[in-house]
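Read off the chains here:
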Amino acid sequence: MRRTVSLTKGLNLNLEGGLTSKESVGKACVGRVAVVPDDFPGFVPKLDVKEGDKVSIGSPLLHDKNDPSVRLVAPAAGVVEAVVRGARRKIERVVIAVDAAECQAETCKPFAGADADTVRRALAESGLWAMMRQRPFDVVPNSAVKPKAIMVTAMDTAPLALSLEESVKGKTAELKAGIDVLRTLCSGPIYIGVEKGSSLPDSDGVEMVEFPRLHPAGNAGVQIANIDPVNKGEVVLTLDIVTLVRIGSLALTGKPDWTVEVAVTGSEVERPHVVTAVAGAGMDALVGGNVKVDGRHHRVISGNVLTGVPVGEDGFLRYPYRQVTVIPEGDDADEFMGWASMSPSKMSVSPSFIGRFLRRKFSPDARLNGGRRAMIMSGEYDKVFPMDILPEYLVKAILAKDIDRMEALGIYEVAPEDFALAEYVDPSKLELQKIVRGGLDYLRNEV
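Residues numbered from 1 in each chain as written. Predicted model: local features only at pLDDT ≥ 70, side-chain atom pairs only at ≥ 80, totals over all residues. Heavy atoms only, no water.

### Brief notes about the overall build of the protein
- For the protein, the helix and strand inventory stands at 11 helices and 19 strands.
- Relative to its length of 447 residues, the protein is compact, with a C-alpha radius of gyration of 21 Å against a globular reference of 22 Å.
- Principal-axis analysis of the C-alpha atoms places the extent of the protein at approximately 65 × 50 × 50 Å.
- With 447 residues in all, the protein has 52% of them scored as buried.
- Across the protein, every contact between residues at least 6 apart in sequence was considered, and the portion connecting residues at least 24 apart equals 68%.
- Within the protein, the 60 negative side-chain charges are centred at a point lying 1 Å from the centre of the 54 positive side-chain charges. (Helix = DSSP H or I, 4+ residues; strand = E, 2+ residues; numbered from the N terminus. Rg over C-alpha atoms; globule rule 2.2 N^0.38 Å. Buried < 20%, exposed > 50% of the residue type's maximum accessible area, 1.4 Å probe, protein only. Contact = heavy atoms within 4.5 Å. Lys, Arg positive; Asp, Glu negative; His and termini not counted. Charge placed at Lys NZ, Arg CZ, Asp CG, Glu CD.)

Okay, structure coming up:
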């Protein structure tokens, strides 16, 4: 069964450095991988290893202090090279030196057709439970949660993103097994959000919902808000279809699979392509030798330009492990009139700039283009926000820490990524994603 949701609000950024086709350069030679607890909001990390320990694929590295059965695991076999700590001894990342000759993996008993308790335990111990999120609060769900529905996203509308359907092509058995596993976790509906015209086959007991390819239609929050909105006291689990296939593979074989297909994109990449690696791979293995030597400073982003994390060429691939973008930093730019330049090469959504009317690909840099200022109620957020929410008023309620207003304005439905486009068009240059993340954390601790 399929239905179509029509969205008119949103914005697709026309950037240089996209994939012209799914050109694969094979498997990256990964020397180091890292697991970063900050990629898993709501997860309070406690170490299960120390420096020098040998680990196999799927070996537990960290567990959640508040829910000990939920783990983060090693995506590759090797030796724990470093446990990097920050201020107040916060665990920033666990780094593993990969042993290319070692492919041993932690295994579990295949659990296809098992009861709900067995399934929950297997997913929690395998590290795949931590790959899911819940609405409200956009956090790793508690392993005992009973959701009213599950939302699977099978499309990624972010700038220069790789097609998720392409990533799971030919894995019909794993997909079916993954859906069967989800049915044991939820007695309510299971939705799969796909792009309009998708060739992904229908599945029994699952509602396929088609969305237009207009960012942020690929966000789980946008999809669930337009299908089955989350009210106070309700929980919806969200995950992408790549995670669903991993779950299905684990259920069928008992072996974890942390291989990923990564789109290496951006205007400063010599040749945009797709590379096969492992989750948390070092950036040197993904972009080394493929960045333009043009004398410019570069920003290497794990993820897309709207929600990704700047990591540098010595950093690591971060959750959700499917894209790297390299753009100019902009700190070395020498431009007449600076941010106010009327150059046709400047990308903008404002009709004050010529680029607004040109149908061409742009190569923007990472500059802020203006200074931060007091919040302006301009109505710009609403133009790119395809949810039945007043985003400006919600942001103001978060800043005021007004819990009643936050709840009334729909904070239980949103995640920081849903505000990425609003942050891009914001004339006040506010860091809206950080503000929303702070509001969600504050609310979760208070209610």
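### Quick look at the sheet that holds strand S6 (residues 60–64)
- A sheet is described by the order of its strands in space; here three strands give the open sequence S4-S6-S7, paired in antiparallel fashion. Of all the strands in the sheet, the pair left with one neighbour each is strand S4 (45–47) and strand S7 (71–73). Between one strand axis and the next, the sheet turns through 30 degrees on average, direction left out of account.
- Sheet topology note: the S4/S6 ladder contains three bridges and is antiparallel. Bridge pairing in S6 links leucine 47 to leucine 62. (Pairing = 2+ DSSP bridges. Axes fitted to C-alpha atoms, helices over the stretch in contact; angles between N-to-C directions.)

### Considering the sheet that holds strand S8 (residues 78–85)
- Spatially, S3-S9-S8-S5 is the arrangement adopted by the four strands of the open sheet, whose pairing is antiparallel. Each end of this open sheet is capped by a strand with a single partner; those strands are strand S3 (32–35) and strand S5 (54–55).
- One ladder, built from four bridges, connects S3 with strand S9 (residues 91–98); its direction is antiparallel. Each residue of the ladder has a partner; that of valine 33, found in S9, is isoleucine 96.

### Some words on the pattern of salt bridges
- Tallied over the entire structure, the rule returns 26 salt bridges.
- Among the salt bridges present, the one from aspartate 53 reaches lysine 50, with a minimum N-O distance of 3.3 Å.
- Because the salt bridges share partners, they merge into one network encompassing Arg135, Asp138, Arg437, Asp441 and Arg444. (Salt bridge = Lys/Arg side-chain N within 4 Å of Asp/Glu carboxyl O.)

### Details of helix H5 (residues 241–253)
- Between the first and last C-alpha of H5 there are 18 Å, a value that for 13 residues agrees with the 18 Å anticipated at 1.5 Å per step.
- For H5, the tally of buried residues reaches 10 of 13 residues, placing the bulk of the element in the interior.
- Among all positions in H5, only Ile241, Thr243, Leu244, Val245, Arg246, Ile247, Gly248, Ser249, Leu250 and Ala251 are buried.
- Packing partners of the buried residues in H5 comprise helix H1 (116–126), strand S11 (149–153), helix H2 (164–167), helix H3 (172–185), strand S14 (236–240) and strand S15 (259–265).
- A distance of 3.2 Å separates the backbone nitrogen of valine 242 from a side-chain oxygen at the start of H5, and that oxygen is part of aspartate 240.
- Looking one or two places after H5, you find glycine 254, whose phi comes out positive at around 80 degrees. (Expected span 1.5 Å × (residues − 1). Polar contact = N/O pair within 3.5 Å; in protein donor to acceptor, adjacent residues only side chain to side chain.)

### Examining the pairing of strand S19 (residues 323–328)
- Burial within S19 is extensive, with six of its six residues counted as buried.
- With three bridges connecting them, S15 and S19 associate as parallel partners. Counterpart to alanine 263 in the pairing with S19 is glutamine 323.
- Bridge count between strand S17 (residues 298–302) and S19: five bridges; the pairing is antiparallel. Bridge pairing in S19 places arginine 299 opposite isoleucine 327.

### Section: the side chain of serine 249
- Summarising the element assignment, serine 249 is placed in helix H5.
- In this structure, serine 249 is in contact with Glu174, Gly254 and Lys255, ignoring residues within four places of it in sequence.

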